[in-house]
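Letter by letter, the chains look like this.
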Amino acid sequence: MLYDIRGMNEECGVFGVFNHHEASHLAYYGLHSLQHRGQEGTGIVTADGERLHAKRGLGLVAEVFDEPSLDALTGHHAIGHVRYSTAGGNTLENVQPLHFKSLTGDLAMAHNGNLVNANELKHMLEAEGAIFQTTSDTEVVAHLIKRSRGNSMKERIADSLARLVGAFAFLFLTEDALYVGVDVHGLRPLSLGQTEDGAYVFASETCAFDVVGATYVRDVEPGELLMITQDGIVSERYSEASVRAMCSMEYIYFSRPDSIIDGVNVHTARKAMGKKMFDEAPVEADVVTGVPDSSISAAIGYAEASGIPYEMGLIKNRYVGRTFIQPSQELRERGVKMKLSALRGVVSGKRVIMVDDSIVRGTTSRRIVKLLREAGATEVHVRITSPPIKHPCYYGIDTSSKEELIAATKSIEEIKEEIGADSLAFLTLDGTVEAIDRPFEGNLRGQCAACFTGLYPTELAELVTETKA
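None of the values given here were measured: they were computed from a predicted structure.

Rules used in this analysis
- Residues numbered from 1 in each chain as written.
- Predicted model: local features only at pLDDT ≥ 70, side-chain atom pairs only at ≥ 80, totals over all residues.
- Heavy atoms only, no water.
- Helix = DSSP H or I, 4+ residues; strand = E, 2+ residues; numbered from the N terminus.
- Buried < 20%, exposed > 50% of the residue type's maximum accessible area, 1.4 Å probe, protein only.
- Contact = heavy atoms within 4.5 Å.
- Areas by Shrake-Rupley, 256 points an atom, 1.4 Å probe, with all protein chains shown as cover.
- 1 Å grid on protein atoms, 1.4 Å probe; cavity = no way out; pocket = protein on both sides within 12 Å on 5 of 7 lines; lining within 4 Å.
- Points joined across faces, edges and corners; volume = space filled by probe spheres on them.
- Nonpolar A, V, L, I, M, F, W, Y, C, P; charged D, E, K, R; others polar.
- Pairing = 2+ DSSP bridges.
- Axes fitted to C-alpha atoms, helices over the stretch in contact; angles between N-to-C directions.
- Phe/Tyr/Trp six-rings, centres within 6.5 Å; stacked < 30°, edge-to-face > 60°.
- UniProt positions renumbered as here; feature names shortened; annotations may be inferred.
- Salt bridge = Lys/Arg side-chain N within 4 Å of Asp/Glu carboxyl O.

K.L.:
How should the overall build of the chain be read in this particular structure?
P.N.:
Tallying secondary structure elements over the chain gives 18 helices and 23 strands in all. Sorting the 469 residues of the chain into buried and exposed places 57% on the buried side. Pairs at least 24 residues apart make up 68% of the contacts formed inside the chain by residues separated by at least 6 positions. In the structure as shown, the chain presents an accessible area of about 19,000 Å², 50% of it carried by carbon and sulfur atoms.

Written as structure tokens, this is what we have:
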């Protein structure tokens, strides 16, 4: 069976709050701290005990919401979402949280991840008469909930989650309750926190807790469903947890350095990756620099281990949007220079070690190497603090085609020539797992490394891979 999942992949952020007198404002600040996970669209839905209130829009959190719009979102409970969409999927109807109205009550949903069996479920539901308003796989879950024969909303949500295959961290909001669920492998992070006045908060990353004044309590477990009401939290299993498989790219690239995932601080993990990178691939040079922002911690680790000074050789312009939609090669090249600048005074006449977290298509790496050379670097040695990405991801990262991945078709030597580096090395998988140092047993310590190995934690993903290869 063929599943076409291109255009549905996304890496997003979710935030929820229950029982706070300024729920919409808390959600705003929480989403603002998760803005790095999605910049195309955002939304907040609140509940006041009788009805839901919603506002969604395209753009950044600060562009969509202002004080009057937040004040209009009344209620003590809220869920919010920041969205990153692939090409073709950036439309208002796909911006979350999705809000559904029915005679039995309203329901809002926010989702981080990707459902591998969404199309299969969608075909089945359409055959039963369902009509879809969006191209988001999140809407599939709403139809499953509506058709469930469970006696309560909790049972209907549990039934629906049990039918899903893939990666998900879900927040569901009704007029008087919040429901939270994570996939059986724990592929996407979701944490529970609590404010000083007793409000419960949920976030894709713990960095959001610091902003809203909440204390981390614990992570939501794989296969767990939480129901939060005025009576407190009720936890149950909608399914037994399977092989634990947190996405490795959360540590390598996606998450903010100040976040903690499964007890591991992201900055500490990235710094350890940089140190391990030096152990595996030392090289003589004058300065170490990192590609902003996700590689700075790793570059510092490499510099400390090597004794080579770390310098800010690359500067990021934080007021420039995405550049991949520029219509010509010349404009794309200018776009990269608008986004990143090389400091001539730092790199001119120097042998530079450029530390980056990953190489996907190779285009960005080639342009950054060129920037450093144009700024006078005599040598550019590229060190990637993750293994080569050789396989597509079906769980919510924008790499759904093997043909897009440079490491799938080229050797490390060929990639080095392609990007114009003097040398190139990738961190081994063993080195990556050891550096992240998750507190779990097993060969990968509970990490998903499918994009490196091609070994997917779900059987259906293997079927998709075979079909699309």
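K.L.:
Help me understand empty space enclosed by the protein, please; the structure alone is not making it clear to me.
P.N.:
The probe, sized like a water molecule, is rolled over the atoms to show the empty space still left. Counting across every chain of the model gives four cavities of 30 Å³ or more. Its volume calculated, the largest cavity comes out at about 110 Å³. What lines the largest cavity is a set of 18 residues, among which Pro189, Leu190, Asp219, Met246 and Asp262 lie closest to the centre. Within the lining of the largest cavity, the residues separate by chemical class into eight nonpolar, five polar and five charged.

K.L.:
What's the story with the sheet that holds strand 12 (residues 224–229) in this structure? I'm lost.
P.N.:
Each strand in a sheet pairs with another by means of backbone hydrogen bonds, the pair being arranged parallel or else antiparallel. With respect to topology, six strands assemble into an open sheet ordered 5-6-7-8-12-13, the strand pairing being antiparallel. The open sheet has two edge strands with one neighbour each: strand 5 (98–100) and strand 13 (232–237). Averaged over all pairs of adjacent strands, the angle between strand axes in this sheet comes to 20 degrees, irrespective of strand direction. Two elements, strand 8 (residues 178–182) and strand 12, share four bridges in a ladder whose sense is antiparallel. The partner of glycine 181 across the bridge, within strand 12, is leucine 225. Those strands touched by helix 5 (residues 138–147) are strand 5, strand 6 (107–115) and strand 7 (166–173), and its axis lies near 125 degrees from that of strand 6. Lying on the sheet, helix 6 (residues 153–161) is in contact with strand 7, strand 8, strand 12 and strand 13; it crosses strand 12 at an angle near 155 degrees.

K.L.:
What exactly am I supposed to notice about the packing of aromatic side chains here?
P.N.:
Note on aromatic pairs: each is described by the distance of the centres and the angle between the planes. Scanning the entire structure with this criterion turns up eight aromatic pairs. With a centroid separation of 5.5 Å and 55 degrees between ring planes, the pair formed by tyrosine 394 and tyrosine 456 is classed as tilted. Here tyrosine 394 is found in the loop between strand 21 (379–384) and helix 14 (406–409), whereas its partner tyrosine 456 is found in the loop between helix 17 (450–453) and helix 18 (459–468), with 62 residues between them in sequence. Taken as a pair, tyrosine 394 and tyrosine 456 share a single burial class, namely buried.

K.L.:
What am I meant to see in the side chain of glutamate 224 here?
P.N.:
Here glutamate 224 shows up in strand 12. Not counting residues up to four positions away in its chain, the partners in contact with glutamate 224 are Val180, Gly181, Val182, Arg218, Ser235, Glu236, Arg237 and Tyr238.

K.L.:
Explain the UniProt feature "binding site: Mg(2+)" (unreviewed entry) in the chain here, please?
P.N.:
UniProt's feature table lists "binding site: Mg(2+)" (unreviewed entry) at Ser294, Asp356 and Asp357, given in the numbering used throughout. In three dimensions, the annotated residues from a span of 64 residues occupy one location, with a maximal C-alpha spread of 7.9 Å. By the secondary structure assignment, aspartate 356 is in strand 20 (residues 351–356). Overall, aspartate 356 belongs to the buried group, its relative accessible area being 7%. With residues up to four places along the chain from it excluded, the contact list for aspartate 356 reads Val291, Ser295, Ser365, Arg383, Ile384 and Thr385. Checked against the element boundaries, aspartate 357 lands in the loop between strand 20 and helix 13 (363–374). Those residues in contact with aspartate 357, other than ones at most four positions away along the chain, are Ile252, Tyr253, Ser294, Ser295, Ile384, Thr385 and Ser386.

K.L.:
Please explain the UniProt feature "binding site: [4Fe-4S] cluster" (unreviewed entry) in the chain as it appears in this structure.
P.N.:
Annotation from UniProt places "binding site: [4Fe-4S] cluster" (unreviewed entry) at Cys247, Cys393, Cys448 and Cys451. A maximum C-alpha distance of 10.3 Å is found for the annotated residues, which run over 205 residues; spatially they form one tight group. Within the annotated group, the residues that form the lining of the second largest cavity are Cys247, Cys393, Cys448 and Cys451. For cysteine 247, the position within the fold is in strand 14 (residues 246–247). For cysteine 247, a relative accessible area of 6% corresponds to the buried category. Leaving out residues up to four positions away in the same chain, cysteine 247 has contacts with Leu187, Arg188, Ile397 and Cys448.

K.L.:
Looking at this model, I keep getting lost on the sheet that holds strand 4 (residues 77–83). Mind explaining?
P.N.:
Taken in spatial order, the seven strands make up an open sheet running 3-2-4-1-10-9-11, and their pairing is antiparallel. The sheet is open, and its two edges are formed by strand 3 (52–58) and strand 11 (214–219), each paired on a single side. Strand-to-strand twist of the sheet, defined as the mean angle between neighbouring strand axes without regard to direction, takes the value 15 degrees. Of the pairings in the sheet, the one linking strand 9 (residues 191–195) to strand 11 comprises five bridges and is antiparallel in character. The partner of glutamine 194 across the bridge, within strand 11, is threonine 215.

K.L.:
Explain the pattern of salt bridges to me, please; I cannot follow it from the model alone.
P.N.:
Scanning the model with the defined rule gives 23 salt bridges in all. We note a salt bridge from arginine 445 to aspartate 437, for which the minimum N-O separation is 2.4 Å. Accessibility expressed as a relative area gives 24% for arginine 445, which makes it partly exposed. By relative accessible area, aspartate 437 is classed as partly exposed at 45%. Through salt bridges with shared partners, a single network forms among Arg37, Arg188, Glu205 and Glu250.

K.L.:
Before we go on, may I ask you to explain the pairing of strand 3 in this structure?
P.N.:
Two faces, one strand: in a regular strand the side chains alternate between the faces of the sheet. The pairing of strand 2 (residues 41–47) with strand 3 spans seven bridges and is antiparallel. Bridge pairing in strand 3 links isoleucine 44 to lysine 55. Hairpin connection of strand 2 to strand 3: four residues between the antiparallel strands, including glycine 49 at a positive phi of 95 degrees.

K.L.:
Quick question: what am I supposed to make of the layout of surface pockets here?
P.N.:
Its boundaries defined by the atoms lining it, the second largest pocket holds a volume of some 450 Å³. Around the second largest pocket sit 19 residues that line it, and Ser102, Thr104, Gly105, Leu107 and Lys146 are the ones nearest its centre. Looking at the lining of the second largest pocket, the elements that each hand over two or more residues are helix 5 and helix 6. Looking at the lining of the second largest pocket, the element that brings in the most residues is helix 5, giving five residues.

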